[in-house]
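Residue-level structure breakdown
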Amino acid sequence: FLCVSDQAIQQVSGLFAQTEKTLLVHCSGSTPVEAIAQARKAVCYPFQTFSEGRKPAIVDVPFLIEGSDETSLNTLISFLSQLKATYHVLPTQDR
């Protein structure tokens with residue numbers, strides 16, 4: 001997971017070695033998946049505002065996700081399922 005500013009996503013993602021098993025995920029709801037330099041990429045961001053003093057459980061936070069291909073999307077879905085997180089697939093053009 002890349003937890004960096006929107007402007008740094010492309011540059012930072014280029015620092016990682018690209019392998020068949022590498023999946024890079026950014027957490028920005030306003031940046032397209034194509035901002036990641038790697039072939040296998042995805043977006044996963046919480047569809048919730050977080051405020052000081054409030055700590056929601058991960059199962060109560062819905063995530064919006066997108067993958068660059070079916071394998072990347074399924075890998076991300078598997079990860080979120082292990083966390084018992086709720087998710088909805090939402091492509092960049094629909095955000």
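These lines cover the structure that appears in this document, whether it is placed above or below. As the structure is a prediction and not an experimental result, all values here were calculated from the model.

Parameters at a glance
- Every chain begins its residue count from 1, and numbering advances along the sequence as written.
- The predicted nature of this model means local features are confined to residues of pLDDT at least 70 and side-chain atom pairs, given and counted, to a pLDDT of 80 or more, with totals for whole chains, interfaces and linings taken over all residues.
- Note: side-chain values were computed over all heavy atoms of the structure, leaving out hydrogens and water.
- For two strands to pair, DSSP has to find at least two bridges joining them.
- In DSSP terms, a helix is any run of H or I states spanning at least four residues, a strand is any run of E spanning at least two, and both are numbered starting from the N terminus.
- By convention, a crossover is right-handed whenever its connection, traced from the first strand over the helix to the second and viewed with the strands pointing away, goes clockwise.
- Partly exposed describes any residue whose relative accessible area lies between the buried limit of under 20% and the exposed limit of over 50%, with all areas from a 1.4 Å probe on protein chains only and scaled to the type maximum.

1. Let's talk about the pairing of strand 3 (residues 62-67)
Regular strands have side chains that alternate between both faces of the sheet. The pairing of strand 2 (residues 41-46) with strand 3 spans five bridges and is classified as antiparallel. Bridge pairing in strand 3 places Pro46 opposite Phe63. Bridge count between strand 3 and strand 4 (residues 86-89): four bridges; the pairing is parallel. Bridging from a neighbouring strand, Pro62 pairs with Thr86 of strand 4. Crossover handedness for the path strand 3 to helix 2 (residues 70-82) to strand 4: right-handed.

2. Details of unusual backbone geometry
One non-glycine residue with positive phi stands out, namely Lys84, at about 60°. Tracing the backbone through its elements, the reader meets Lys84 in the loop between helix 2 and strand 4. Taking relative accessible area as the criterion, Lys84 reaches 62% and is therefore assigned exposed.

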